[in-house]
Amino acid sequence: MASIYIDNWHIVLAALAIFITGALSLLMQLGLAKSIFIAATRMIVQLALVTLVLAWVFEQDSVWVVLMLLLLMGGFATYEIRARQKLAFTGLWSLGLGGIPMVGVGIMVLTFTLTTVIGPEPWYAPRYAIPLFGMLLGNSLTAVALALDQITRGAKQRQGEVNDRLALGMSRTEAMLPIVRDAMATGLLPIINSMAAAGVVSIPGMMTGQILAGADPANAVRYQIMITFAIAGTTGITLLLATWLAVMRLTDNRHRLRLDRLRSQKYPA
Amino acid sequence: MLIIKNLTILPINVERLELKGGVTALAAPSGAGKSRLFAAIADLVVNEGEVSLDDVNRNDIAATEWRKRVRYVSAEPSWWGNTAQDHLSDDEKTRQMAVRFGLTTELFERPIEQLSTGERQRFGLLRALVDEPRVLLLDEPTAALDQDTSLKIEAELVRLAGEGRIIFIISHSEAQIERIATRVVNIIGGKLREGKK
């Protein structure tokens, strides 16, 4: 069974609810009409552009084109991580420290999932690779942004504690451990929550999509479980790497706390 | 012997300072950079300078090892566990030193936030002194203590100095300096000068 076709007039119909919200906002002078209108327009333009890009990429059927698109997505996600930090690392570390582990681990888990779990033909089939990578990236982006924000703020707020631990002869990793633990827990919370709520509180997005598209619910559930495991794995490994790198950058090889390697930035940027 | 040469940590510049033993007091007004100098000697902040202990240059050993020998104790200790016991080992040596500091067994298990400032300061000293580092850099160790308890800590410092440890202490109490210091160093215009005892 294929999904039911939606033409453009039906989309206008679907926009009715948003028009009503906008009209009410104007009527009640809530000042939200403009931002609702901008956000909705932005979504339409972005998705229209994505359609063009996806159509082109699907046509090329080249592993390099797919890889380029993945890296582009990774680049956007990397900038997004930096934008969500109150205290960013100085220089290119502000991008690389979160971005490199996230994109690297994401591509590895994606390759593993495609070649061993799903096995499409060819293995890099963009129809599978791109949406899966998007989900991996979206989740580890949130996790890394939260964890790095927590670790840099923690190092600053709890510098007395870290310095006391260092003064007692602990190594930099030992001294930072309580802060790293908190940062890891914060980063993993969203994925743990979404696993716990899956099916009971929320029907996950990909599963919803597949069911709406007419897929067998049992198969949709299997896909959902697979992607959730892939997301949790990507997030966990990325967090371990990114927090370890953050500790190495926040301290030096003489095991000193180096808060001078952080700078305040507008938050959210 | 602790030797400090050409150590610059603004606004202080130490050309040469040798500490052989005993209790040396560092006397200077607030804001002269005393705490930062101590942190620099313990290599906790970035600084240029040559520091060695008993002919071992600090750059030749791991920083963790250096700080086991050269211990900086800040004026306000920080805590990461729930109780003082979480920060200390459960052995006879710790308990004996605690008794000399006037800390009862019951206080070890009390939540940190229920301890008085003075009790926390003493636990901070106990934590830093119990593994007997060779050099102690003490930043106002008795600032939060009453006279009686201060005297207990002072007695312990004199005992440790008598065992051959090098004690360098920041103190704003002239009476305390008079009681325990064997040598006084002043900071004048960013330079260290021998003071009068």
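All values reported here derive from a predicted model rather than from experimental measurement. (Residues numbered from 1 in each chain as written. Chains lettered and ligands numbered in written order. Predicted model: local features only at pLDDT ≥ 70, side-chain atom pairs only at ≥ 80, totals over all residues. Heavy atoms only, no water.)

Draft legend 1. Looking closely at the overall build of chain B. Counting its secondary structure elements, chain B contains seven helices and 10 strands. Projected onto the principal axes, the alpha-carbon positions of chain B cover approximately 45 × 40 × 30 Å. Considering only intrachain contacts with a sequence separation of at least 6, the fraction spanning at least 24 residues in chain B is 67%. (Helix = DSSP H or I, 4+ residues; strand = E, 2+ residues; numbered from the N terminus. Contact = heavy atoms within 4.5 Å.)

Draft legend 2. Up close: the nonpolar core. One finds Ile151 and Met176 of chain A together with Leu2, Leu26, Ile41 and Leu137 of chain B to be the most contacted residues of the largest nonpolar core, which totals 86 residues. Here this core gets 13 residues from one element, more than from any other, and that element is helix H6 (residues 126–157) of chain A. When near neighbours in sequence (up to four residues on either side) are disregarded, Leu137 of chain B contacts Phe38, Ile41, Ala42, Val70, Arg71, Tyr72, Val73 and Phe168 of chain B. Core analysis: the next-biggest nonpolar cluster, separate from the first, contains 35 residues, Leu125, Ala128, Ile169 and Ile177 of chain B among them. (Core = buried A, V, L, I, M, F, W, Y, C linked by side-chain atoms within 4.5 Å. Buried < 20%, exposed > 50% of the residue type's maximum accessible area, 1.4 Å probe, protein only.)

Draft legend 3. The interface of chain A and chain B, seen in detail. On the side of chain B, 23 residues touch chain A, which itself brings 16 residues to the contact. Of the roughly 1,600 Å² buried between chain A and chain B on both sides combined, carbon and sulfur atoms contribute 52%. The largest contributions to the chain A side of the interface with chain B come from Leu168, Arg254 and Arg256 of chain A, which together make up 42% of the buried area. One salt bridge in this structure joins Asp43 of chain B and Arg254 of chain A, with 3.0 Å as the shortest N-O distance. Scanning the region where chain A abuts chain B turns up 13 residue pairs in polar contact (both at pLDDT 80 or more). Looking at the side of chain A that touches chain B residue by residue, the classes come out as four nonpolar, five polar and seven charged. (Buried area = accessible area lost by both parts, 1.4 Å probe. Salt bridge = Lys/Arg side-chain N within 4 Å of Asp/Glu carboxyl O. Polar contact = N/O pair within 3.5 Å; in protein donor to acceptor, adjacent residues only side chain to side chain. Nonpolar A, V, L, I, M, F, W, Y, C, P; charged D, E, K, R; others polar.)

Draft legend 4. The packing of helix H3 (residues 33–60) of chain A against H6 of chain A, seen in detail. All names here are of chain A. Orientation of H3 relative to H6, taken along the N-to-C sense of each, is 135°, at an axis distance of 10 Å. When the axis of H3 is compared with that of H6, the two are oblique. Only Pro126, Arg127 and Ile130 of H6 make contact with H3, whose side of the interface consists of Leu54, Val57 and Phe58. Taken together, the residues that form the contact of H3 with H6 break down as five nonpolar, no polar and one charged. (Axes fitted to C-alpha atoms, helices over the stretch in contact; angles between N-to-C directions. Parallel < 35°, antiparallel > 145°, perpendicular 65-115°, else oblique.)

Draft legend 5. Structural detail: the sheet that holds strand S2 (residues 12–19) of chain B. Residue and element names in this part refer to chain B. Taken in spatial order, the four strands make up an open sheet running S2-S1-S4-S5, and their pairing is antiparallel. Each of the sheet's edge strands pairs with one partner strand only, and the pair in question is S2 and strand S5 (56–57). Bridge count for strand S4 (residues 48–53) against S5 is two bridges, and the pairing is antiparallel. Note that in S5 the partner of Leu53 across the bridge is Val56. Relative to strand S1 (residues 2–9), helix H1 (residues 34–41) is tilted by about 120°, and along the sheet it contacts S1, S2 and S4. (Pairing = 2+ DSSP bridges.)

Draft legend 6. View of the confidence of the model for chain B. Chain-level pLDDT for chain B is 93 on average; 99% of the residues reach the 70-or-more range. Within chain B, the element-level pLDDT minimum falls on strand S10 (residues 191–194) of chain B, averaging 90, and the maximum on strand S6 (residues 70–73) of chain B, averaging 97. (pLDDT = per-residue confidence, 0-100.)

Draft legend 7. Seen up close, the side chain of Thr94 of chain B. All names here are of chain B. Inspection of the secondary structure puts Thr94 in helix H3 (residues 92–100). Overall, the relative accessible area of 1% leaves Thr94 in the buried class. When sequence neighbours within four positions are dropped, the list of residues in contact with Thr94 reads Leu88, Ser89, Phe108, Leu126 and Val130.

Draft legend 8. Quick look at the layout of surface pockets. Residue and element names in this part refer to chain A. Of the voids in this model, the largest pocket is the one considered here, and its volume is about 860 Å³. Lining the largest pocket are 23 residues, with Gln46, Val50, Leu69, Met73 and Phe76 positioned closest to its centre. Contributing elements (two or more residues each) for the lining of the largest pocket: H3, helix H4 (63–83) and H6. When its residues are assigned to classes, the lining of the largest pocket shows 18 nonpolar, three polar and two charged. (1 Å grid on protein atoms, 1.4 Å probe; cavity = no way out; pocket = protein on both sides within 12 Å on 5 of 7 lines; lining within 4 Å. Points joined across faces, edges and corners; volume = space filled by probe spheres on them.)

Draft legend 9. Local environment of the sheet that holds S10 of chain B. Residues and elements named next belong to chain B. Reading across the sheet, the six strands line up as S6-S7-S8-S3-S9-S10 and stay open at both edges, with mixed pairing between neighbours. The sheet is open, and its two borders are formed by S6 and S10, each paired with just one other strand. Taking each pair of neighbouring strands and ignoring which way they run, the sheet shows an average axis angle of 20°. Two strands pair when backbone bridges link them, and strand S7 (residues 135–139) and strand S8 (residues 166–170) are joined in this way by five bridges, in the parallel orientation. Across the sheet, Leu136 pairs through a bridge with Ile167, a residue of S8.

Draft legend 10. Region of the structure containing the domain arrangement of chain A. Residue and element names in this part refer to chain A. Entries for chain A in the domain assignment read domain 1 (1–60) and domain 2 (63–264). Each of domain 1 and domain 2 was reduced to a C-alpha centroid, and the two centroids are 29 Å apart. Opposite the nine residues of domain 1 that make contact, domain 2 presents nine residues. Summed over both partners, the interface of domain 1 with domain 2 buries about 660 Å², with 81% contributed by carbon and sulfur atoms. Put simply, domain 1 and domain 2 have zero residue pairs in polar contact (both at pLDDT 80 or more) between them. Looking at the side of domain 1 that touches domain 2 residue by residue, the classes come out as seven nonpolar, two polar and no charged. (Domains from an automatic or database assignment.)

Draft legend 11. Representation of the environment of Gln210 of chain A. Residues and elements named next belong to chain A. Within the secondary structure, Gln210 sits in helix H9 (residues 205–212). The exposure class of Gln210 is partly exposed, given its relative accessible area of 21%. The spatial distance from the C-alpha of Gln210 to the C-alpha of Leu49 is 23 Å, given a sequence separation of 161 residues. The contact partners of Gln210, leaving out residues within four places of it in the chain, are Ala215, Asn219, Ala220 and Tyr223.

Draft legend 12. Spotlight on the pattern of salt bridges. The full count for this structure, using the stated rule, is 27 salt bridges over all chains. Residues Arg159 of chain B and Glu163 of chain B are paired through a salt bridge, measuring 2.6 Å at the closest nitrogen-oxygen approach. The structure contains a network of salt bridges with shared partners spanning Asp252, Arg254, Arg256, Arg258 and Asp260 of chain A together with Asp43 of chain B.

Draft legend 13. A look at empty space enclosed by the protein. Applying the stated criterion to the full structure yields three cavities of 30 Å³ or more. Approximately 90 Å³ is the volume found for the largest cavity. Contributing to the lining of the largest cavity are Asp164, Ala167 and Leu168 of chain A together with Arg71, Tyr72, Val73, Ser74, Pro77, Gly124, Arg127 and Ala128 of chain B. Among the elements of the structure, helix H7 (159–167) of chain A together with S6 and helix H5 (117–129) of chain B are those that each provide at least two residues to the lining of the largest cavity. Grouping the amino acids of the lining of the largest cavity by side-chain chemistry returns six nonpolar, two polar and three charged.

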